[in-house]
Each structure stands twice: as structure tokens, then as C-alpha cells.
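# Architecture and fold: a report
So you can see what is in the structure, the chains are spelled out below.
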Amino acid sequence: FAGLSLDAASGAVCLNGAPMDLAPREAAMLRALLARPGQAVAKERLVETVFPGEDVQPDAIEVVAYRLRKRLASTGVQLVTLRGLGYLLKAASA
């Protein structure tokens, strides 16, 4: 998706073939979003994926989204918030 790819064997996220340096929670969120590029992923589902088995506030995912957004800033991919729906990946407009 727009230069991002997922190595199924290792779970690593790559940008143009080079592994991205992501924190584990950022990588988990990006993997969940890459599974459905261009489609909204519910915030609740992301919380379950990024914080498995942990009792966290639902807003905790917003912190991870903020950090991931900063890492994606120069990649040509945007992390878009859809109020009331969740998040999605979108190729940046040229």
C-alpha cells in the first residue's frame, strides 16, 4: 500500500523494501491498518489489537495514532481519523 508492505513471516513493516523502525505498539497498529488499506478500522478493534489483554483507556490508542502519524509524515501515507468510526490509511495526495 503506497510503498508500505508487511513481511508475513517476520511481521515487520517495510517502506519501499526497507524495514521501518517502529515501536511494538506502532507496528501492531500499522499491521492492523495494512490488513484493510483504505477501509476504516474501528477504534475498539485497534485497542484490542494494540493492547491485547490489557485494561487500558480507549483514548490510549490516540497516543499510538499520534506517534504513528508522525512516523508516516514523510512516507506518502496518511493516517486519517474518522470521528465515530476509527482510523484508516490513505495514500497522500500529490
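Described below are features of the structure shown in this document. Once a new chain begins, its residue numbering starts again from 1 and follows that chain's sequence as written. Reporting in this predicted model follows two pLDDT cut-offs: at least 70 for local features of residues, and 80 or more for side-chain atom pairs to be given and counted; totals over whole chains, interfaces and linings ignore these cut-offs and use all residues. Water and hydrogen atoms were dropped before computing side-chain values, which therefore reflect all heavy atoms in the structure.

Right, let's talk about the pairing of strand E5 (residues 86-91) for a bit. For two strands to be treated as a pair, DSSP must find no fewer than two bridges joining them. For helices the rule is a DSSP run of H or I covering at least 4 residues; for strands it is a run of E covering at least 2, with both sets numbered from the N terminus onward. Taken together, the six bridges between strand E4 (residues 77-82) and E5 define a ladder with antiparallel strand orientation. Each bridged residue has a counterpart across the sheet, and for Thr81 the counterpart in E5 is Tyr87. Hairpin connection, E4 to E5: the antiparallel pair is bridged by three residues, and Gly84 has positive phi, about 80°.

This next bit is on helix H1 (residues 24-34). What sets the pattern is the α-helix's 3.6 residues per turn: residues three or four places apart point alike. A 1.4 Å probe rolled over the protein chains alone gives each residue an accessible area, and that area as a share of the maximum for its type sets the label: buried under 20%, exposed over 50%, partly exposed in between. Most of H1 is tucked away, with eight of its 11 residues classed as buried. Of the positions making up H1, those classed as buried are Glu26, Ala27, Ala28, Met29, Leu30, Ala32, Leu33 and Leu34. Residues count as neighbours in contact if any of their non-hydrogen atoms are within 4.5 Å of one another. Contacts made by the buried residues of H1 are with strand E1 (4-6), strand E2 (13-15), helix H2 (43-50), helix H3 (60-72), E4 and E5.

The next subject is the pattern of salt bridges. For salt bridges, the criterion is a side-chain nitrogen of Lys or Arg within 4 Å of an Asp or Glu carboxyl oxygen. Under the criterion given, the structure shown has four salt bridges. As a salt-bridge pair, Arg71 and Glu26 come within 2.6 Å of each other at their nearest N and O atoms. Here Glu26 lies in helix H1 and Arg71 lies in helix H3, a separation of 45 residues in the sequence. Relative accessible area serves as the criterion here: at 37%, Arg71 is assigned to the partly exposed category. By relative accessible area, which is 5% here, Glu26 ends up buried. A salt bridge links Glu62 to Lys43; the nearest nitrogen and oxygen atoms lie 2.6 Å apart. Note that Glu62 is positioned in helix H3 and Lys43 in helix H2, a separation of 19 residues in sequence. Linked by salt bridges that have partners in common, Lys43, Asp59 and Glu62 make up one network.

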